[in-house]
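Letter by letter, the chains look like this.
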There are 2 protein chains.
Amino acid sequence: MRGLGLCRILIEAGIDAPLSKWPPIAQVGKTIAARRRFFRSQEHVDSIPIICDGWAAVAEFLPNGRRQILSFLLPGELLSSSTLFESCVDHDVEALTPICYRLFDRAGLWERLVTDPKALSSFVNDCAEEKHRLDELVLDLGRRKAHQRIARLILELMDRLARRSAVREPTFNFPLRQSQIADATGVTAAYVNQVLKGFRGKRLIKLEKRSLTVLDVARLRRLIDE
Amino acid sequence: MRGLGLCRILIEAGIDAPLSKWPPIAQVGKTIAARRRFFRSQEHVDSIPIICDGWAAVAEFLPNGRRQILSFLLPGELLSSSTLFESCVDHDVEALTPICYRLFDRAGLWERLVTDPKALSSFVNDCAEEKHRLDELVLDLGRRKAHQRIARLILELMDRLARRSAVREPTFNFPLRQSQIADATGVTAAYVNQVLKGFRGKRLIKLEKRSLTVLDVARLRRLIDE
DNA sequence: CGTAAAATTGAGCTGTCTCAATCAATGTGG
DNA sequence: CCACATTGATTGAGACAGCTCAATTTTACG
């Protein structure tokens, strides 16, 4: 099992520690409302956000307006480890809930990596984990049916949340809109609705008031690759 | 514009130099026939292949037998920079043509990265580039039509080959089978055939005898996002 | 409490798949 | 160098997953 990576190394004091406990390369935190695009890495940027609280989504747009969500960011996650040193990526980061985040200084992070093998090692691990997740997403989009992708998304989010909170609840807070699920899984919002209806009908999940319960983890998991 | 990355740093003498010109962490090369799976990174592996000659594909399988090609490897490319330090990835690497490759010692590579900031920098760049390609693939599979994905694949391969040979020919060697195009773009082999027929009909490409000519680069490119 | 955003539903429609058959090309052993 | 065997390409008919668009209801929010 893998730890929480570079972030964990950087902030021994915990994600919601006061700024004084953060390394000097961390800047003061900001709070913003849900639904706001709070970061766009288009031109030269010299700092990278880390999510302290709330959910965010990293998305890319097609010229024709269609959108693909590349990943969700949960509390304690750094934006895209492997693009840490790309000055120019065309990804938007959008708050899905009210968000609190801090910024890390890029140059400082690099300095740290070069001089601290433990940090470097964590960083490399983060890259690998991120790549692994992306590989899985490609597999999903290329070779699985819509309902399987959605099942996987649900289970993956549950896993990631569980890893953080250390409790494995089949019920958890689920702020995603159907249109966001759609953009993450490469289908239409209308069709996400159909699929969720199907899941509810088969008593696989319960979803109401932004709270999701996976009623039958095993069956949902089995569904993914049948 | 980005260089050829870590590989370039490691092998100043050029990809087809005799072994004596290679760094000590490179092992002797091997040659294998097309169609062979020559590397499977399943359990602990202590070396990573670099392609000296030929094309290869990195693929992942679903339990139900379906396959997704995650990337193609062209001459001079290292297998998956960002998984360089993952001992366990479930990807197969398959030769698409007769292949010549060498192996790099993993521990040695790591040593080099920690001590040589220039190598580290190249490595980070490679990770970023690889992630960028993967992001694009996700965008493709999630939000583009089959013919657009195939157009993009063709153009991307043309670009990558051109970057290597420094000549920008609209005609190049194209060893991919339709079934491989299918597994890379998330469609069916039968449908790939339809799409290619369409491209030929519209005089966008010429494809015969493993040789591909892009007749109208601009129009093919425009097609991708319309 | 009114308004905007999300969810739900339905009626077509189309891109892509499945399966199967045929044809072409490539390789192999004799 | 031929005859067969295998693999890949091409094509067609039918099926269905998932899309579009639009209408309606529900939920969230200032």
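Since the structure is predicted, the reported quantities are computational estimates derived from the model, not experimental observations.

Definitions and limits used
- Here the residue numbering is sequential within each chain, running from 1 through the sequence in written order.
- Note on labels: chains are lettered from A, ligands numbered from 1, in written order.
- It should be noted that, the model being predicted, local features are given only for residues of pLDDT at least 70 and side-chain atom pairs only at 80 or more, the latter also being counted only at that level, while totals for whole chains, interfaces and linings use all residues.
- Only hydrogens and water are set aside; all other atoms, that is, all heavy atoms of the structure, feed into the side-chain values.
- Here a residue is considered near a molecule or strand provided that any single heavy atom belonging to it is located within 4 Å of it.
- In protein, a polar contact means a hydrogen-donor-capable atom and an acceptor-capable atom, both N or O and within 3.5 Å, with residues adjacent in sequence counting only if both atoms are side-chain atoms; elsewhere, any N or O pair within 3.5 Å suffices.
- A run of H or I in DSSP counts as a helix once it spans at least four residues, and a run of E counts as a strand once it spans at least two, with each numbered from the N terminus.
- By the convention adopted, Pro, Cys, Tyr, Trp, Phe, Met, Ile, Leu, Val and Ala count as nonpolar, Lys, Arg, Asp and Glu as charged, and the other residues, Gly among them, as polar.
- Any two strands with at least two DSSP bridges between them are considered paired.
- Fitting a line to C-alpha atoms yields each axis, with helices limited to the stretch in contact; the angle taken between N-to-C directions then spans 0 to 180 degrees.
- Whether two residues are in contact is decided by their heavy atoms: any pair within 4.5 Å suffices.
- When the copies are superposed, the least-squares fit draws on C-alpha atoms of residues that have pLDDT of at least 70 in both.
- Defined by distance alone, a disulfide is two cysteine sulfur atoms within 2.5 Å.
- Type-normalised accessible area, obtained with a 1.4 Å probe on protein chains alone, sets the label of each residue: buried when under 20%, exposed when over 50%, and partly exposed for intermediate values.
- Given the number of residues in a helix, its expected span is that number minus one, multiplied by 1.5 Å.
- Picture the helix axis, draw a direction to every C-beta atom, and the arc is the one those directions span.
- A domain assignment, automatic or from a database, supplies the domain bounds used here.
- Reported buried area values correspond to the accessible surface (1.4 Å probe) lost by two parts on association, with both partners' losses combined.
- Here a salt bridge means any side-chain nitrogen of Lys or Arg lying within 4 Å of a carboxyl oxygen belonging to Asp or Glu.

1. A word on the protein's contact with DNA strand C
Then, in step 1: If you check the shell around DNA strand C, you find 16 residues, and the closest are Arg-35, Gln-178 and Asn-193 of chain A together with Arg-66 and Tyr-191 of chain B.
Then, in step 2: Close to the protein, within 4 Å, the atoms of DNA strand C are drawn from sugar and phosphate at a rate of 85%.
Then, in step 3: Between DNA strand C and the protein, one listed contact pairs a phosphate oxygen with a side-chain N or O atom of Arg-66 of chain B at 2.6 Å.
Then, in step 4: In this structure, Tyr-191 of chain B approaches DNA strand C through a side-chain N or O atom, which is 3.0 Å from a phosphate oxygen.
Then, in step 5: Secondary-structure elements contributing two or more residues to the surface near DNA strand C are helix H6 (189-201) of chain A together with helix H6 (189-201) of chain B.
Then, in step 6: If one sorts the elements of the surface near DNA strand C by residue count, H6 of chain A sits on top with 4 residues.
Then, in step 7: Split into classes, the residues belonging to the surface near DNA strand C amount to 5 nonpolar, 4 polar and 7 charged.

2. Here we look at the sheet that holds strand E3 (residues 47-53) of chain A
Residue and element names in this part refer to chain A.
Then, in step 1: Pairing in this open sheet of 3 strands is antiparallel, and the strands run E1-E7-E3 from one edge to the other. At either end of the open sheet lies a strand with only one pairing partner, and these are strand E1 (30-32) and E3. On average, each strand axis in the sheet is inclined to that of its neighbour by 35 degrees, with strand direction left out of account.
Then, in step 2: Set on the sheet, helix H2 (residues 106-115) makes contact with E3 and strand E7 (99-105); between it and E7 the angle comes to about 65 degrees.

3. Quick look at the relation of the copies chain B and chain A
Then, in step 1: Mapping chain B onto chain A calls for a screw motion: a turn of 180 degrees about the axis and a shift of 0.0 Å along it, with 0.0 Å RMSD after fitting. Accordingly, the operation relating the two chain copies is best matched by a two-fold axis.

4. Some thoughts on the state of the cysteines
Residues and elements named next belong to chain A.
Then, in step 1: Per the counting criterion, the structure on display carries 0 disulfides over all chains.
Then, in step 2: Unpaired in terms of disulfides, Cys-52 finds its nearest cysteine sulfur in Cys-100, a separation of 4.4 Å.
Then, in step 3: Assessed through its relative accessible area of 10%, Cys-52 is described here as buried.

5. Let's talk about H6 of chain A
Residue and element names in this part refer to chain A.
Then, in step 1: Its 13 residues place the ends of H6 18 Å apart at the C-alpha level, agreeing with the 18 Å of an ideal helix rising 1.5 Å per residue.
Then, in step 2: Taken together, the buried positions of H6 are occupied by Val-192, Val-195, Leu-196 and Phe-199. Along the axis of H6, the buried positions cluster into a sector of 100 degrees, meaning they face one direction only. Every exposed residue of H6 that faces more than 90 degrees away from the buried side is listed here: Ala-190, Lys-197 and Gly-201.
Then, in step 3: Where the residues of H6 are buried, they touch helix H4 (146-165), helix H5 (178-185), strand E9 (205-208) and helix H7 (217-224).
Then, in step 4: Just downstream of H6 lies Arg-203, where phi reads positive at about 55 degrees.

6. Concerning the domain arrangement of chain A
Residues and elements named next belong to chain A.
Then, in step 1: Here chain A is described as being made up of domain 1 (5-134) and domain 2 (146-224).
Then, in step 2: If you average the C-alpha positions of domain 1 and of domain 2, the two centres end up 24 Å apart.
Then, in step 3: In this assembly, domain 1 packs against domain 2 so that about 1500 Å² is buried in total across both faces, 54% of it on carbon and sulfur atoms.
Then, in step 4: Run the count over domain 1 and domain 2 and you get 4 salt bridges.
Then, in step 5: Notably, a salt bridge pairs Glu-156 with Arg-133, separated by 3.9 Å at the nearest N-O pair.
Then, in step 6: Between the two partners, domain 1 and domain 2, sit 7 residue pairs in polar contact (both at pLDDT 80 or more).
Then, in step 7: When residues of the side of domain 1 that touches domain 2 are traced back to their parent elements, those giving at least two are strand E5 (67-73) and helix H3 (117-143).
Then, in step 8: Broken down by element, the residue count for the side of domain 1 that touches domain 2 peaks at 5 residues, all from E5.
Then, in step 9: When the residues that make up the side of domain 1 that touches domain 2 are grouped by side-chain class, the tally is 7 nonpolar, 3 polar and 6 charged.

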